[in-house]
Structures are given as structure tokens and as C-alpha cells.
Amino acid sequence: MRLLKLVPDNTNIGFVSLRGWAFGLTALLTVVAVFATLTRGLELGVDFVGGLSIEATFPQPPKIDDLRAVVDHLGAGDANLAQYADNPKTVSIRVPPPKSSDPGATNAVVNKVQQAVSAKFPGVHFGKTDSVSGKVSDELIKKGILAVVLAVFAIALFGWFRFEWQFGLSTFVAIGHDVLMTLGFFAVTHFEVDLTTVAAVLTVVGYSINDKIVIDDRIRENMRKYRQMDMRGIVDLSVNETLPRTVMTSLTVLLALGSLLIFGGHVLMGFTAAMILGVVVGTYSSIYVSSSLLITLGLKPQPPGATPRAKGPQSGAERITSEGA
Amino acid sequence: MLDFPRWKRISIWLALLLGVVLAVPSLIGETYSKQIGMGGFPRISLGLDLAGGSHVLYEADVEDVAKTRVAAMGDAMTQAFKREATPIDIGDVSTNNGQLSFLVRDPARLDAAMEIARRQTNGVATSGQRDWDVRVIDGTRIVMTPTAAGLKSFISEAMKGAHDVVTKRIDALGTREPNIVLQGSDRILVEVPGFQDPAALKALVGKTAKLEFKLVDETVSPADLAAGRAPIGSQVLRTEAGRPIAVRRQAIITGSQLTKAQQGYGQSNEPDVEIQFNSEGGKRFAQVTRDNVGKPFAIILDNIVISAPNIETAILGGSASIHGSFTVQSAQQLAIALQSGALPVNLKVVEERTVSASLGKDSIHAGVTASVIAAAAIVVFMLVTYGRYGVYANIAVVLNIFVILAVMAMLNGTLTLPGIAGFVLTIGTAVDANVLINERIREELRRGRNVVMAVELGYKEASRTIFEANATHGISGIIMLLLGSGPIKGFAVVLLIGIVTSVFTAVTFTRMLTAGYIKRHRPAALNI
């Protein structure tokens, strides 16, 4: 049986020579992402701003204006109603948190809304109800940001201890880039940002780092093997050598996520979309941000004879760590 | 690397077999598990987003705890001073600003009063502090303030009490496997799977249910009543309809003296709540009603007057019934609430997440469909790319799914919708290890190494990368587990278990299969 090879053997693509363009493009995209996040803002869900969100399914697609009249009549604030495009019988009702110091005030609105909607539209079914008070949402947003920041730092530290500091720093920059791009994606698409988004961002961080470690590991190996080669050559060689794996793994993960996007239901839609974007961005940043940055940061192979113990690639990771530490 | 002694091969197969067997109860559900005699085996439970149900987070009104304690201390001091051989006369009692302060009328008794006040305080365990700070100001006035340690212990006591009460109430609803836990210093999380009436749940759990019987003060003029003014020793409360009514502050009897409460029917067949007092409460109730025949008394629930009937005869036997505008359901709820005791502190809902059972079913369906399609797509992809070695990787991935389920079941894990997403993602990343290994073998073969050497080096070099990649992936998983709430946690659990088990299935297990093949067939070239 002839097996499929997505990437031909022994590719020799000059990734490094394109790095000037890549840095420019990366910088531009990052600026766009940050700009979009700052100007358009993120569509924060009730998890992070408080308030309540009710998903109601009606026997017949309701007239959205009738429904709005019912909810507005309660005087609970500016309700935001959205009918699902793929299922017009289902409407999501968002009500902002009431201006009250009473922590129970938000939840008190839930019963009011449900009773009023049931009275006007008999047979309505409330699939999902989320109500979060302002205090709890403040805690959730703090925890979410803390989790992402901690993850990025912890992983950069790991890179630093396990490899040289340049690896830690370049990974840190690349992961920061991935997180910003994901934020930009949410700002542009107006997908709702909720707790599962934080999980998606953390997963993107985990995946992206996974990808970088594989390339970094190969760079380190080649630095020991080809002590005379310059850093550009080593990065190019390493990225080319790992290219089949990069393509294969990205594809399998995208297959999994694609099936989740199509068949996983709308609850996971934003989560999956963020991860798909993250996989693409993470793969890109492995090649063009973290690896190329290693050259800029002045990482160089040790000249021969500097470390007499050094042998071939089999000598393993432990030795480098002890030298680097 | 390629040498697998018999005992090693057997233990690897046994471990995987065990994983598959232990995953079975979770896959086939409770009923079928019982049929095949695995009813007692641990199973994965479904999260609220899949099973349907309510997650309600209550927050206690902490200031209320302090207020109640200060008021109770006021009563205790008044009683203690009265009990003295020569009672100590105090006045100008104030419980404002979170402290108790009163005037000792006879300056000569100030030291005695201080001594009594000190005796009312307790040490707080492990803090070395007293729970109240007692001091004299202006030479005549005693001020008692709860200390920080005291307040903390009052709150923690109140929360433990509230947890017991909430547990009793939810147990009375008869729902399956509720989860009721204290969270932080002032919160209680209630998770009730499958229950479909969150409004009723909240109404029952959040009801303070402080029941008091008090005599009505009929001396208050209608004008004072309307203005909410009451003489010392009385207070103005309102009925459910909002009508003001003046009652004596001191209660004849309270809900704490009740032994039983149940829903019944009154004379005209309307639902009511029938209660029975303990013997001490019954005696007191009999005495007060005998002394006040013809006068009205008020039945007060959470400071709202439910009814104010006239006492027609002395009520002996210690039983009473509460009539109000009840439905059968609300009377039942009140009975449960009274029977379980009053909440020692007001609870408010600060977070609620309810998912209906039908949406949960849809989510399971969607999640399973996505998983199966993802797995199928990856299996085909791996097969056409790596041939025989792709098949090995595929067997590893499928076994990995079973092993993850088994480990989750052993840990009494809960599967949530994000958890299913974690599954799908794990299927996608688990083959990464095999991709790394197989690509490395291809590379080593291209470099002209012989079959055994290439496989050996492929596994060895890739293992290091796999370890490092999984370690960093694990770091983000651990952070999600520690800091994440709800959905994030469910996702992190699956991700972490998947990282650990996939190293075993994708590296050790496939290496054994590959080694076995090479040993048996001694191929001159690998079709990889």
C-alpha cells in the first residue's frame, strides 16, 4: 500500500529568510487585534458582567417585538433578544444586572421574566437559565484573567528551566501573541466571551506551547549536532524537519475541532471557533514568532570543544539543562 | 527499547483490559450495569449541563449574623443582670453600629456588671482571642463589640447551621444525589441534578422560616400604627397584604420549640400547616393563651404577620395550625421549612445555572456525534498516512478513550459538556505522540538507518519531546483545574487524565505492538 505523505521528504523551505516580512505581518495583525479589542470591545457574557441570560424555546417562532414588549414591560432594564438563525423557535434573552446593592436582586428577575414570558407564550420551554450577580461576575473575570496570565508565565518559566532563557522569552512572546489574536477574533466576530472561552484560550495556550516545544526541542538537538552551522540554518533545518509532524498534527486536531464545530451544538460554537483559530495562529507563531525570535535574541550553538562532554543527539536533554542552568 | 519481556507484555495488556472493563459501567448506564452484575462499580456521573438540573450559589448576609448576635447578647445580658441576687439595673440599651452598649445606673455596681459581661464571652479556638471585646466608657457605660475572630467564628457557626438546614430541606424534596457544599466563608453551593422546578427549589431553600407567635398590642392608636410608631416593648409589623399591626416584642413561642410541622387541611378544606410544639413550648403556649382569652395573637413568619386570630379558649396540648393564603404546594413548602428549622442567616441567590433535561439530552447527543465523527475521521487519516503503524496508533486512541472513562469513573468524576469537548480534543492530540514517533522513524530511515535502529531512535528521541510537550500542556491543565470554575474544571479534568493516559497508550503500548511485529517478521524495510 502506498502511504499518504502530505509533506514531501527533505523539504528545504527558507522560512527564516521570510522572517522580516513575517515580523511585519505579525506586528500588523497584533496591532489590529489589540485595536479591535479596545475599540469594539468584547461581547462579555453574564459570567463576566452579571445579569441573566435565558434560552427560551417556543412552540412557534415568536415575533421578537412581542417578546421584547413583554420583557421591557417588567422594567428590568434593557433586554437584549437574539433569535437563533438556525433555529428561529429559540431565543436568547439577556437582561443586564439590576442597579441594586442587594446581591439577590439579579436572581429575583429570573422568576419575573419566566412568569411573564410563560403567561404571554404558553408552552414555552426554558432550556438554560444563567443568572450571575455583579459580585460573582467580578470574581469570575478576575479569576479568568489570573488563570490565563499564570498559565502563560508558568509555561514560559518551564521553557526557561528546561531550555535556555531565549526559549522561555521567545515562547512567552509567541503565546502572548496567540492570546491577543484570540481576543481580537472575539472582538471582531462578537462571539460571546464566557467561562468556556477562558478554557478555550487556556487550551490554545497549551496547544501552541506543545507545538513550540516540538520545534524548540529539534532546534536544541540540531544545535548540538551541527555546531558549525549558523543559527539561521539551524532554525530553517529544524522547522523543515518537523514540518511533516506540524502539518499532520494540526490536521488531526482541526479534524476533531471541525467535527465539534459542525456537530457539537451551538453551546460549544464559540469555544470551538476560538480553538480552531488558536490552532492556526499557534502553528504560525511557532514558526514565525518563537523560532525566528531565537535568532534575534542571539542564541548560538556552542563552538566545538567548548563542552568536551558533548556527544551526538542521543546525549539527551538532561545535559543541556545542567549546562544552561 | 524494543525488548519487551513476557511479564511486561502481560501487565500492559492487563492494565488496558482493566481500563476497558472499568469503562463499561459508565458507557452502558445504571440499568444495564446491574443486569451484567456491575451495578456496584463506579460510574461517571453526568454534570448538570448534560443531566439537566440546577446549580444555585447562595451568599449569606454576613452583617445580619453580626446584628443577630449583638441583639442576642443584649437579651442575654438583660437576663443575667436580672438573675443577680440584687439585680443590676441598666438602661439606654443600644444595639446600633454593630455593638451593644448600655448604661449601668448604679456606678457602684459597674465592676460587678463588667465581671458578668466578661463571663458571657468565650475564647475563640486557635486564635487566642475572646469573641467579644468588653470595655467601659465614660465611667458608666459598658460597650461590647464582637472581635474580628469572634465575628469569624459567629459566621462560620451560622454557615454550618445553614448548611444543615439547607440539607434537610433539599432531602425533604426527595431529589437524587444533591450536592450541598460550603464555599469560602459565606457561601453555600447547591447542585440538584434532574430537578425541574428551580423556582420552587429557590423558594424553599431561601426561606428563612423564622416562626414566632406574639401577642397583639391593642393599645396603639390607628394614627401611631399608620406612622409605624409603637411603645417600648412593642413593634409594628405588616401583614402579607401590607396592613400594619402592633405586636409585643417578646415572643410567646418560636419555631425553635417546634417538634413537627406538616401540611393539612382546615375546616373549609383549605390547605394549612399543622404544627406541634415540644413540652416546654406547649406549656408556655397553654399558659399565655389561658391568660389572654379573647385577645388576638399574631403568627409571624420572617417578620410578616401571616394571621392574627383571637384566642377563643386556652390552647392545651401544644399544637396549633397556621392559616394563610396557602396553596397545597406552598403549605407543604412552609411545613418542610419549619420542620427543618429556621436558617440562622439570610441566604441570597448570587448565581444560578439551570439546564433543562431536554437541552441536556440534546447536548449529549451532539457531543457524542461530534466525538464519534472526530474519532472516525482521525482513524481514517492515520490509516492512510502510516499504514500498519497508523492502525497501531488507532488501537491506542480507542483504548485511550476507554482508559480515560475508567479513570474518571474511579475518581468519581463528572462529565460535563466542556468535558466532552476535552474528549474530542484529546482524541486529536493523543495521536500527536504517534505522529511525532512515526515522523521521526521516517526521518531516521531516510538517514539510512536500519529498521531496528530507526524504530529504536524514533521512539527514544520522540519520547523526550512528547514528555516536554505534555508537561507544558499539563501546566495549563492544572491551572484550569485550580483556578477554573464549573465548566472549565470539567474540561481540565478530562484534559489532564487524557494527557497521562495517552502517554501510556500512545508511547508504551504502540511500542510494544511495533516491537512485536518487528521481532516476528524481521522486515528488511518499513512501509511507514
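What counts, and where the lines are drawn
- Residues numbered from 1 in each chain as written.
- Chains lettered and ligands numbered in written order.
- Predicted model: local features only at pLDDT ≥ 70, side-chain atom pairs only at ≥ 80, totals over all residues.
- Domains from an automatic or database assignment.
- Pairing = 2+ DSSP bridges.
- Helix = DSSP H or I, 4+ residues; strand = E, 2+ residues; numbered from the N terminus.
- Axes fitted to C-alpha atoms, helices over the stretch in contact; angles between N-to-C directions.
- Buried ≥ 20, exposed ≤ 12 C-beta atoms within 10 Å, placed from the backbone.
- Contact = placed C-beta atoms within 7 Å.
- Core = buried A, V, L, I, M, F, W, Y, C linked by C-beta atoms within 7 Å.
- Nonpolar A, V, L, I, M, F, W, Y, C, P; charged D, E, K, R; others polar.

Caption draft 1: The arrangement of the domain arrangement of chain A in detail. Under the domain assignment, chain A is made up of domain 1 (16-43 + 137-324) and domain 2 (51-132). Here the C-alpha centre of domain 2 of chain A lies 41 Å away from the C-alpha centre of domain 1 of chain A.

Caption draft 2: Expanded view of the sheet that holds strand β5 (residues 125-132) of chain A. Reading across from one edge, β3(A)-β4(A)-β2(A)-β5(A)-β18(B)-β2(B)-β8(B)-β7(B) is the order of the 8 strands in this open sheet, with antiparallel pairing throughout. Every interior strand has two partners, whereas the edge strands, β3 (80-83) of chain A together with β7 (179-183) of chain B, have only one. The average angle at which neighbouring strand axes cross in this sheet is 15°, direction not considered. Bridge count for strand β2 (residues 53-60) of chain B against strand β8 (residues 187-193) of chain B is 7 bridges, and the pairing is antiparallel.

Caption draft 3: Layout of the pairing of strand β15 (residues 297-301) of chain B. All names here are of chain B. The element β15 is largely enclosed, with a buried count of 5 among its 5 residues. Examined bridge by bridge, strand β9 (residues 211-215) and β15 share 5 bridges and lie antiparallel to one another. Bridge assignment links Leu211 to a residue of β15, and that residue is Leu301. Here β15 pairs with strand β16 (residues 304-307) via 3 bridges, running antiparallel. Directly across from Ile300, in β16, lies its bridge partner Val305. The antiparallel pairing of β15 with β16 creates a hairpin that spans 2 residues between the two strands, and Asp302 there sits at a positive phi of about 50°.

Caption draft 4: Spotlight on the environment of B:Val403. All names here are of chain B. Along the chain, the position of Val403 falls in helix α11 (residues 388-410). Remark: the alpha-carbon pair of Val403 and Val20, spanning 383 residues in sequence, is separated by 6.3 Å. Excluding residues that lie within four positions of it along the chain, Val403 makes contacts with Leu16, Gly19, Thr501 and Thr505.

Caption draft 5: Representation of the nonpolar core. Ranked by internal contacts, the top residues of the largest apolar core, which has 208 residues, are A:Leu202, A:Val205, A:Ala256, A:Ala274, B:Ala162, B:Leu338 and B:Val424. Grouped together as the second largest cluster of nonpolar side chains are 12 residues, B:Met73, B:Met77, B:Leu100 and B:Phe102 included.

Caption draft 6: Highlighting the domain arrangement of chain B. By the assigned domains, chain B splits into domain 1 (6-51 + 358-521), domain 2 (55-60 + 156-353) and domain 3 (67-152). The C-alpha centroid of domain 3 of chain B is placed 65 Å from the C-alpha centroid of domain 1 of chain B.

Caption draft 7: Expanded view of the sheet that holds β9(B). Residue and element names in this part refer to chain B. Read across the sheet, 6 strands follow the order β11-β10-β16-β15-β9-β12 without closing on themselves; strand pairing throughout is mixed. Looking at the sheet topology across the chains shown, the edges are occupied by β11 (244-248) and β12 (253-254). Bridging between β9 and β12 involves 2 bridges; their strand directions are antiparallel. The residue of β12 that forms the bridge with Phe213 is Ile253.

Caption draft 8: Quick peek at the interface of chain B and chain A. Chain B puts 63 residues into the contact, and the matching count from chain A is 64 residues. Mapped by element, the contributors of at least two residues to the side of chain B that touches chain A are β2, β18 (347-355), α10 (357-386), α12 (417-446), α13 (451-483) and α14 (487-521) of chain B. A breakdown of the residues in the side of chain B that touches chain A according to their chemical character gives 33 nonpolar, 18 polar and 12 charged. Strand direction decides the pairing type here: β5(A) and β18(B), joined by 5 bridges, are antiparallel. Residue pairing in the sheet places A:Val132 in a bridge with B:Glu351 of β18(B).

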